[in-house]
Amino acid sequence: MRSKKSKKLEPVPDAEPLLLTPGPLTTSGRVKQAMLHDYGSRDKRFIELNRGVCDKLLSLCDADRTHLCIPLQGSGSFAVEAMLANQLPREGKLLNLVNGAYGHRVTEICRYLGRQVSVLETAEHQPVDLAALDRALAADAGITHVAVVYCETTSGIMNPLAQVAQVVAAHGRKLLIDAMSAFGALPLSAADIPFAALAASANKCLESVPGLGFVIAEQATFAATAGNAHSLSLDLYQQWRYMNDTGQWRFTPPTHCLLALHEALQQLAEEGGVTARRRRYQDNCRTLVQGMRELGFETLLPDNLQAPIIVTFLLPEPEAFSFEEFYRRLHDKGFVIYPGKLTQQDSFRIGCIGHVTPEQMAAAVSAVAQVLRELRR
Ligand SMILES: *Cc1c(COP(=O)(O)O)cnc(C)c1O
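Residues numbered from 1 in each chain as written. Predicted model: local features only at pLDDT ≥ 70, side-chain atom pairs only at ≥ 80, totals over all residues. Heavy atoms only, no water.

Caption draft 1: Highlighting the confidence of the model for the chain. Put simply, the chain has an average pLDDT of 94, and 96% of its residues get 70 or more. When the criterion is pLDDT under 50, residues 1-6 qualifies, and its contacts beyond four places in sequence or with other chains add up to 9 contacts. (pLDDT = per-residue confidence, 0-100. Contact = heavy atoms within 4.5 Å.)

See the structure below:
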């Protein structure tokens, strides 16, 4: 372990602006370097590396003995869609807990899949409602599964995953988690959170490049999911079966993405694992929020609901303040931020994740201060 020494992150080449967004994110030079190989899909080195990556992903959530890891080509939404298609039987019914755009996406996916879905929605600045969940499950015995977004990246709110899992388990239903912007940083252990499946991707808190997602699915019930999928390329059961039988991916594997993810997982271990990564993100988040508040910005969320992943700031003086102008000037100073995704209020978002240090977050705040001075001139 080189955890002490690796506290200082290796610098990213200066020419590239820092991506303070929900992804793609700034990755380390090491992760980018790792992609400089062309592996064939049947190459023994690739097969071993692939297996190692899947094992490592399982161990990050203490699921080695209970769950399977099925990687999939594509962005995170491909993995969410594949998870829903695989886990929900055609006669199943999903109760979907929604407090943002990614929750709504789950509903939309169910419509495409032709799966029954009912929605329990709370406002974008409020966590999902545990009492309402309890009542809904008691009232409808037809609900087979519940879906929740762990960190709803729309606002940056952290949903109470452990409590949701408890309620769902108490009613004997199955839990599906969109852990996209949480996996690798927020606490998530199969040892204390019963879940049927979760979906996540390589390019958020794992700090690798975009191009692949993965689903972690309960072993005991996985065989029964055969035939559920509506789609050839998103059929997770077949994806798993082929990989289990041959060690290879079913269709062209994103070999370079796997090489990058392998390196990123090594880097995560050297940093000190999930806990150390969460601490750095918390430091990033604290530096950002304190600095921005000193400049007069307000956060959408109170600190106790804020995940250290991405922060929504309300746009001050909306009439005097154009996001486009703000964005462009910050970009020219080397920082890429993100527009807000709220439906109710004008806002913008700044991410705390990626290969980024608290010092760089402080530099981002200074750049914001500079832009404000320019805009007020
Ligand atoms: C990023 C993200 C996704 C997937 O989005 P893609 O653009 O398809 O990668 C899904 N859910 C959440 C909560 C996310 O943050």
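Caption draft 2: Fine view of the site of the ligand. Lining the immediate environment of the ligand, one finds S75, G76, S77, Y102, R105, V149, C151, T153, D178, M180, S181 and K204. S77 places a side-chain nitrogen or oxygen 2.6 Å from an oxygen atom of the ligand. Between the ligand and K204, the relevant distance is 2.7 Å, taken from an oxygen atom to a side-chain nitrogen or oxygen of the residue. Alone, the ligand offers 380 Å² of accessible surface; in the complex the protein occludes 85% of this. Judged by its atoms lying within 2 Å of the grid points, the ligand is housed in the largest pocket. Elements that contribute at least two residues to the shell around the ligand include exactly α3 (76-87) and α4 (101-113). (Near = heavy atom within 4 Å. Polar contact = N/O pair within 3.5 Å; in protein donor to acceptor, adjacent residues only side chain to side chain. Areas by Shrake-Rupley, 256 points an atom, 1.4 Å probe, with all protein chains shown as cover. 1 Å grid on protein atoms, 1.4 Å probe; cavity = no way out; pocket = protein on both sides within 12 Å on 5 of 7 lines; lining within 4 Å. Sits in = over half its atoms within 2 Å of the grid points. Helix = DSSP H or I, 4+ residues; strand = E, 2+ residues; numbered from the N terminus.)

Caption draft 3: View of unusual backbone geometry. With an omega of 0°, the peptide bond between G23 and P24 qualifies as cis. Topologically, P24 is positioned in the loop between β1 (18-19) and α1 (29-33). Not every positive phi belongs to a glycine, and D62 is a case in point at roughly 55°. Relative to the elements of secondary structure, D62 occurs in the loop between α2 (44-60) and β2 (67-73). We note that E207 has phi near 60°; this positive angle belongs to a residue other than glycine.

Caption draft 4: Fine view of the sheet that holds β2. Ordered in space as β2-β10-β9-β8-β5-β3-β4, the 7 strands form an open sheet in which the pairing is mixed. Two strands bound the open sheet, and with one partner strand each, they are β2 and β4 (116-121). Across this sheet, the average inter-strand angle for adjacent strands is 20°, counted without regard to direction. One ladder, built from 6 bridges, connects strand β3 (residues 93-98) with β4; its direction is parallel. Counterpart to N96 in the pairing with β4 is V119. Running over the sheet, helix α6 (residues 161-170) touches β3, β5 (145-149) and β8 (174-178) and is turned about 155° from β8. Against the sheet, helix α7 (residues 236-246) engages β2 and β10 (212-218), with an angle of about 105° to β2. (Pairing = 2+ DSSP bridges. Axes fitted to C-alpha atoms, helices over the stretch in contact; angles between N-to-C directions.)

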